[in-house]
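Analysis of the macromolecular model
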Amino acid sequence: MGDIRQSLLPRDVLSAAKELLYHLDIYICNLVQSGRQPPQVDAKTLELVEEFILHAPKDRNAPARRMSALQELQLLEIMCSCFQEQSRDTVRQLMFSALFSLQGNQADESRMSLLGKLVSMAIAVGRVPILECAATWLQRTHRVYCVRLAQVLVDDYCSMVPGSVPTLQNIHSTSPRFCCQFITAVTTLYDLASEELTPPLELLQMIVSWIHDDPRLVLITFLNTPLSGSQPISSLDVTPLGGLVRWCVKAPLAYRRDKKPALTNGSTESEAEAGPLFSALHLSVLQVFMLLPNILNEKGLFGRLALLQMESLAALTSDLSRLLDQADKHAHTSSAETHVLSQLALDRLAQALQVAMANGALLCSREDLRAICSRLPHNNLLQLVLSGPVMYYNNIHTPPLTFSPHSAHSPIASHPTHPAHAPHTPLATHSSSHPQYTTQPFMTGMPFPFRPSH
Amino acid sequence: MSAQKDCEFLVKRARELVSDDPCAAKAWLITARTLYPADFNIQYEMYIIERNAERTASAGRLLYDMFINFPDQPIVWREISVITAALRSDSQDKHAQFLRGLFETLPGRVQCEMLLKATEQCFNTLEKAEMLLLLLKRFPESVVQHGVNLGETLLEAEASENVETAVNCFRKLFVCDVLPLVINNMDMRLPASLMQKYMLKAAEFYIGYVTRGPSPDVQIQGKSGLVSRGSQRYVIDGLSEKSSVVAEPWERLLDILAVVGARCEWQGDKGQRSYVDMLQRVKELCRYLPGLEGDTRFRCCSQVVICTALVLFRSAFLYVSAVQPALFQGVNALSSGPWILVEDLSSVYNDVEVERGAVKHAHKKRKLADGRERTMSSDDEEGLGKGRSRHIVVNKTEMPSWSETLESFRIARESWDLLHSHDGLETEFKKICASWKTDSWLWFRIFLTDMIIYQGQYRKALSSLLQMAAVQQPQPGQQSPTGQTSLEHHRALIQQASCHYALGEYRVNNTEVVMTLIVVIISEHNVLLLPCTTKAILPFCLQLMLACFKLRAFADSRDDLSLGHVVVLLQQDWPQGELLFLKAVDKICQQGSFQYENFFNYVTNIDMLEEFAYLRTPEGGRIQLELLPNQGMLIKSQSVCLHHTVTRGITKGVKEDFRLAMERQVSRCGENLLSVLHRFCINEKIIIIQSLP
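Residues numbered from 1 in each chain as written. Chains lettered and ligands numbered in written order. Predicted model: local features only at pLDDT ≥ 70, side-chain atom pairs only at ≥ 80, totals over all residues. Heavy atoms only, no water.

Describing unusual backbone geometry
All names here are of chain B. Positioned with a positive phi, Glu54 is a non-glycine residue whose angle comes to about 50°. With respect to the helices and strands, the residue Glu54 is situated in the loop between helix 3 (40–52) and helix 4 (56–69). The phi dihedral of Glu248 is positive, around 45°, even though this residue is not glycine. Relative to the elements of secondary structure, Glu248 occurs in the loop between helix 12 (216–223) and helix 13 (249–263). (Helix = DSSP H or I, 4+ residues; strand = E, 2+ residues; numbered from the N terminus.)

Here you go:
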């Protein structure tokens, strides 16, 4: 395909890009037809893409070719119809990755920029094939870039153009896979660490209503992905569950934190509105956990795959502990309210841990949990969860409440893992010893000292 | 520090939150359940939240969990009984509908199990049956296991609860709900004897339902004529008003008959389309009956008897409901009044001598007399006794549905004859009658009596009428309103008198009959029937009285009182009785004198007046007539008299008072004859009774 460069050079930018897309299509069709496994687009072709579509300078001497805004729009339209008209999935996927797979070079910036515009456009005009390709892209790409794409979309739909949220809202029906990945990316992006990293209310509302209407939505990627343990390094989590748990647990304190004297107007409002949303979202998350045992059992993965990672939970508890400390420091004005919000955060944490553990989303022992929660202040429910139910409860029908970490099956990580691990070693770091966390002394067989006093 | 306390703590937190933040409350309970999955209170609390919010799907899911995990919890059973009650009720309120919807979300297997267990926990037979019925209706496969048992339970309950009538809640459920499920389930093999037993149970119920009497309170309103009978409410004890309604009972009965017939492999049975067709088919079948033997014969007999009996009862009902609509609930009584089948008495005006000689061959005619004006002529081809194809005369304008009514009467008679055409059939039919206690069915007795009268079997008819009187004895618990009773009573008396007349028994028993007739006449006018009905009943009664008096009046011995009565009575239907009147005049002439003090009170017929005026003249024979009561009464009313010129010169040479009386009487010729005669009956009641033969 390299030989077409000469014919492309004299053309104007748009027609050259157009011509290249045309040839790329033919080239990939032939590639797929040839049956070579795996079909691999050659480096020469990728260079052509960078030169004529992404307009990365070929070498220092060559003048950078640029497109006008109008030309760029025309190119995007052509790309949209190009993906729309291609009926074969494989060809489309190859074409998409030929265009947008990050190459770790200079062209990646314009690649990301063009991708953002293309996906944003595809959402606006409902181009399902592009959204599907983008969903795959979000699974394979490093999370940093996924988050950047999400940021572009949130900016376009939630900040730039008022009233365009309903358009974005539709993606849950047009492409559930993309929607699921988008949620994962957004929850990764907004970790509530600062005001900038707090999701806009419209976005929050949208996500809550998506999940409320269809809790399985957050599991779509997980359900459609054959789990091989070969997740690309540092890609997004296979579900947004971890991110959603973080949102719900941190929200009471994060939104409170915004209520600094300087920001009295508006923030109170958003807090009042966000409160019930997070409550509903938290319930939805628990309900999703409850769907898991059946799904995991069907896939033969119950007790082998942790959808929630101990590391991220540990990060969450340490974040939370820091937030609680800060809240305490600011608490001189309204300590009662602070206490209520702190307890709400801890209640949610306890609930998420317990329900996730009981439904096989979290593979660890209560001892592990006690380790990561050791720095948290007292909360009745959390203590109950950490100590576990009283086991002499006379019940013969009780199903196993928690996954035993010493199960015969070897767990598989849903999380990007380090390839150095041997295939049958437990991949999730859930083993009982977490040297990095200071642990409270705990003696088995003794009544748990912090069991709630009823 | 026990599990119990943990659970209480968790549920308490959820309860605190539920009003302000239901999502948080649910999150607590979800967490609680994963901690203590075996704790009932946690799951019940979850269920209550969903149920109170009327979220059908999630409440259903939780109910299912509770049912599976806590089958022994009384609270679960209380909840299930609330739901099954909603299923049984016809309430349309929102919560009942929610509960029904909730039940629908459960998997069929669970619904089935739930209903079965709910049934087991139910001690009231009726509720239990209704519950099981829900099960059978939803899960046809359960009919095989439970259908017959349920049916038998209901029949046993009916027997043990001593219900008075076949129209009771148990039978209703059995016949209308259980039976169709059982007989239409082809997976079940039911013995023919059982099918027939069930068939008869169904027939008894439907007939009882159709022929049920009006409820007492409605009757009182009905008398004032304000309430249309179509809108009557009827409730079977133990059932709701809605489920007390049985639509199209005769058709439903026919449906059951068709299925039973098909399953019992009845002859020539191609799905019973109508009762009339059925009678035709059964008649044909009857011809082969004598040639059949053993089992085939037995089966054929059953088929004939059951089919014919149903046709008989239906047609008899249709006939009686036209003749005596007030007997039944839901039959429109306002369109036509009660009707009475009596002998045609127009021969009463015939000459005594002729009649005496020809009692046996007299033209007996029957007519269906209603309470209104009618033409009362009929004729009869055959003599007494047989009476197979006699003619019934009805005023067609008075009874618009006369042809249907007479057709029903005919079909009923044919069915009856068919059932009595063969010993085997008669025995079977009598068994049915005995088990249904048809002897106590007043309406059926009315039909039978009419049929016997029609057949001309008056002696039998009289005993039938006596039986009817026995049936009419007010039964405990079923208080018949007075109007109804006396109407029926008088009806019977009129028919009794008619029979006696037909038998030629003027002397026997007549005192009572005529006396009661007078009573009837009096009461007629005052309370009983609709006013217009007197017009029809009265002439008939007068004819009967005439029949009683004329024998005596024309006897060899002198009886001026009877002769006077005859003259008064002969005014009716004048000049039909002219011949008899002339005979009376002859008798007076022979006697040379005649004393009848009521003459001027009740004789207003101008021809008769003329004749009597003439009798006083020399040309007439100077007959001594003492017609003035104590010679006084008339003089008082002299002043109002108009002077009329009476022919034949009676003004010449007659005593002044007689002349005045005569003139005054002439002025009364325009008076309504029936009211004159009615007055005669009322005022002279004692004299009449005393002078009866």
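Some details on the interface of chain A and chain B
Each side of the interface is counted separately: chain A has 29 residues, and chain B has 25 residues. Buried surface at the junction of chain A and chain B, summed over both partners, amounts to about 2,300 Å²; 72% is from carbon and sulfur atoms. Summed over the shared surface of chain A and chain B, the result is one salt bridge. One salt bridge in this structure joins Arg13(B) and Asp347(A), with 3.6 Å as the shortest N-O distance. Elements supplying a minimum of two residues to the side of chain A that touches chain B: helix 15 (264–298), helix 17 (335–358) and helix 19 (380–387) of chain A. A per-element tally of the side of chain A that touches chain B places helix 15 of chain A first, with seven residues. (Contact = heavy atoms within 4.5 Å. Buried area = accessible area lost by both parts, 1.4 Å probe. Salt bridge = Lys/Arg side-chain N within 4 Å of Asp/Glu carboxyl O.)

Observations regarding the pattern of salt bridges
Under the counting rule described, the total for this entry stands at 30 salt bridges over all chains. Residues Asp108(A) and Arg111(A) are paired through a salt bridge, measuring 3.1 Å at the closest nitrogen-oxygen approach. Here the residue Asp108(A) and the residue Arg111(A) both occupy positions in helix 6 (residues 108–125), the gap between them amounting to three residues, near one helical turn. The pair formed by Asp108(A) and Arg111(A) is uniform in burial state, with each residue classed as buried. For the salt bridge of Lys26(B) with Glu50(B), the shortest nitrogen-to-oxygen distance reads 3.2 Å. (Buried < 20%, exposed > 50% of the residue type's maximum accessible area, 1.4 Å probe, protein only.)

Topic: the environment of Leu286(A)
Looking at the secondary structure, you find Leu286(A) in helix 15. When the C-alpha atoms of Leu286(A) and Leu353(A) are compared, they prove to be 9.7 Å apart, with 67 residues separating the residues in sequence. Not counting residues up to four positions away in its chain, the partners in contact with Leu286(A) are Gln351(A), Ala352(A), Val355(A), Ala27(B), Ile30(B) and Thr31(B).

Describing the environment of Ser68(A)
All names here are of chain A. Relative to the helices and strands, Ser68 resides in the loop between helix 3 (43–52) and helix 4 (69–85). Overall, the relative accessible area of 35% leaves Ser68 in the partly exposed class. Sequence spacing of Ser68 and Leu14 is 54 residues, and the spatial spacing of their C-alpha atoms is 9.4 Å.

Let's talk about the side chain of Glu50(B)
Residue and element names in this part refer to chain B. On the secondary structure map, Glu50 appears in helix 3. The exposure class assigned to Glu50 is buried, which follows from its relative accessible area of 5%. Discounting residues that sit within four places of it in the chain, Glu50 has contacts with Lys26, Arg55, Ser58, Ala59 and Leu62.

Structural notes on the nonpolar core
In this structure, Phe178(A), Phe182(A), Phe289(A), Trp443(B) and Phe447(B) are the most contacted members of the largest nonpolar core, which totals 295 residues. Per element, the largest residue contribution to this core is 16 residues, and it comes from helix 15 (residues 294–323) of chain B. Residues in contact with Phe178(A), not counting those within four places in the same chain, are Val119(A), Ile123(A), Leu131(A), Ala134(A), Ala135(A), Leu138(A), Leu153(A) and Ile171(A). Ranked by size, the runner-up nonpolar core spans 42 residues in total, among them Leu563(B), Val566(B), Ile623(B) and Phe658(B). (Core = buried A, V, L, I, M, F, W, Y, C linked by side-chain atoms within 4.5 Å.)

Some words on the packing of helix 8 (residues 125–138) of chain B against helix 10 (residues 169–183) of chain B
Residues and elements named next belong to chain B. Between helix 8 and helix 10, the least distance of the axes is 11 Å, while the angle of their chain directions is 15°. Between helix 8 and helix 10, the angle is such that the two are roughly parallel. The chirality of how helix 8 crosses helix 10 is left-handed. Of helix 10, the residues touching helix 8 (which contributes Thr125, Leu126, Ala129, Glu130, Leu133, Leu136 and Lys137) are Cys169, Phe170, Leu173, Asp177, Val178 and Leu181. (Axes fitted to C-alpha atoms, helices over the stretch in contact; angles between N-to-C directions. Parallel < 35°, antiparallel > 145°, perpendicular 65-115°, else oblique. Left-handed = near helix turned anticlockwise from the far one by under 90°.)

A short note on helix 6 (residues 94–105) of chain B
Residues and elements named next belong to chain B. Over its 12 residues, helix 6 extends 17 Å from the first C-alpha to the last, a length consistent with the 16 Å expected when each residue adds 1.5 Å. Along helix 6, the residues classified as buried are Ala96, Phe98, Leu99, Arg100, Leu102 and Phe103. Elements in contact with the buried residues of helix 6: helix 3, helix 4, helix 5 (74–88), helix 7 (108–120) and helix 8. (Expected span 1.5 Å × (residues − 1).)

With respect to the side chain of Ser279(A)
Within the secondary structure, Ser279(A) sits in helix 15. If sequence neighbours within four positions are ignored, Ser279(A) has contacts with Arg348(A), Asp21(B), Cys23(B) and Ala24(B).

Description of the packing of helix 9 (residues 141–160) of chain B against helix 11 (residues 192–210) of chain B
All names here are of chain B. At a closest axis distance of 13 Å, the pairing of helix 9 and helix 11 adopts a crossing angle of 50°. As summarised for this structure, helix 9 and helix 11 are arranged oblique, according to the angle between their axes. Here helix 9 runs over helix 11; the crossing is left-handed. Where helix 9 abuts helix 11, its residues Val148, Glu152 and Leu155 lie against Leu194, Lys197, Tyr198 and Lys201. When the residues that make up the contact of helix 9 with helix 11 are grouped by side-chain class, the tally is four nonpolar, no polar and three charged. (Nonpolar A, V, L, I, M, F, W, Y, C, P; charged D, E, K, R; others polar.)

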